Amino acid sequence: MNRLKVISTSIIIILIAFISIWAYTLSFSNPTHSISKAFPWPIACSTRGCITSQEWSHQRAYDIAFAAATGKTMPSDAATLTTIIRRHLITHAEIQSPISLQDAVRYRTAILHTTDISTLRPLGITSFADYDSNIILPFLEQEALMKQRNITNTDDLYKDLAHQRTIILLLFHYHWNIDRGEVEAK
């Protein structure tokens with residue numbers, strides 16, 4: 001009985017510590033904190049899964065590199081979060097003619113004529129697998145869904161998708177605006 005008590009107490013202490021660190025992570029307003037990068041903490045969830053702090057951190061690193069390489073204004077942390085939530089929405093939308101990763105590779109090579117990864121590295125892209133799955137594939141899915149629904153504006157598409165799938169944003173400093181299909185700072 002004593003051994004069971006020690007084990008259950010240890011488990012409770014570990015759970016409390018884990019939940020406390022997760023709550024602490026949810027209080028961050030940007031994804032660059034080392035705790036956010038150390039573990040894939042859920043920061044936004046839908047019925048199709050969760051978006052993690054590591055995904056947010058990865059997208060933020062890409063946004064920083066892209067802005068530096070192109071001389072464009074760096075998007076806000078909320079805009080970066082909007083990007084990954086929209087990617088989540090588009091990835092889990094019902095497309096009549098599903099787009100495959102092979103379609104993304106064909107688009108990159110045949111349409112964009114991008115076959116040398118060194119041309120993408122200054123933009124923060126580390127591999128074709130990353131580029132194809134996180135940029136090209138969602139773009140092709142977005143275009144297919146817009147055509148399927150006869151929508152000409154991407155903002156209208158994401159407003160529509162936001163109304164169809166509930167997103168629970170767990171971060172304390174942000175709010176998911178369902179009417180605009182984007183993240184807003186509180």
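Residues numbered from 1 in each chain as written. Predicted model: local features only at pLDDT ≥ 70, side-chain atom pairs only at ≥ 80, totals over all residues. Heavy atoms only, no water.

Enquirer: Got a minute to help me understand the sheet that holds strand E1 (residues 42-46) in this structure?
Expert: Two pairing modes exist for strands in a sheet, parallel and antiparallel, and in both the strands are linked by backbone hydrogen bonds. Ordered in space as E2-E1-E3, the three strands form an open sheet in which the pairing is antiparallel. For this open sheet the edge positions go to strand E2 (49-52) and strand E3 (168-169), each flanked by a neighbour on one side alone. The sheet contact formed by E1 and E2 spans four bridges and is antiparallel. Bridging across to E2, Ser 46 finds its partner in Gly 49. With respect to the sheet, helix H3 (residues 53-70) is in contact with E1 and E2, its orientation differing from that of E2 by roughly 50°. (Pairing = 2+ DSSP bridges. Helix = DSSP H or I, 4+ residues; strand = E, 2+ residues; numbered from the N terminus. Contact = heavy atoms within 4.5 Å. Axes fitted to C-alpha atoms, helices over the stretch in contact; angles between N-to-C directions.)

Enquirer: Before we go on, may I ask you to explain the pattern of salt bridges in this structure?
Expert: Applying the stated criterion to the full structure yields eight salt bridges. In this structure, Arg 180 engages Glu 184 in a salt bridge whose closest nitrogen and oxygen atoms are separated by 3.3 Å. One network of salt bridges, in which partners are shared, links Arg 180, Glu 182 and Glu 184. (Salt bridge = Lys/Arg side-chain N within 4 Å of Asp/Glu carboxyl O.)

Enquirer: Sorry if this is basic, but what is going on with the environment of Ala 104 here?
Expert: Summarising the element assignment, Ala 104 is placed in helix H5 (residues 101-111). Taking the C-alpha atoms as reference points, Ala 104 and His 175, separated by 71 residues in sequence, lie 32 Å from one another. In this view, Ala 104 contacts Asp 132, Ile 136, Leu 137 and Leu 140; residues no more than four positions away in its chain are not counted.

Enquirer: Help me understand the pairing of strand E5 (residues 182-185) in this model?
Expert: It is a general feature of regular strands that their side chains alternate between the two faces of the sheet. Relative to E5, strand E4 (residues 174-177) runs antiparallel, the two sharing four bridges. In the strand pairing of E5, Tyr 174 is matched with Ala 185. Counted between consecutive antiparallel strands, the loop separating E4 from E5 contains four residues, among which Gly 181 sits at a positive phi close to 65°.

Enquirer: Would you take a moment to explain H3 for this structure?
Expert: For an α-helix, the turn length of 3.6 residues means that residues three or four places apart are oriented alike. Taking 1.5 Å of rise per residue, the 18 residues of H3 would be expected to cover 26 Å, and the 26 Å separating its terminal C-alpha atoms lies within 8% of that figure. For H3, the set of buried residues is Ser 53, Trp 56, Ser 57, Gln 59, Arg 60, Tyr 62, Asp 63 and Ala 67. Taken together, the buried residues of H3 touch helix H2 (34-38), E1, E2, helix H4 (77-91), helix H6 (128-149) and E4. At the C-terminal side of H3, Gly 71 shows a positive phi close to 75°. (Expected span 1.5 Å × (residues − 1). Buried < 20%, exposed > 50% of the residue type's maximum accessible area, 1.4 Å probe, protein only.)

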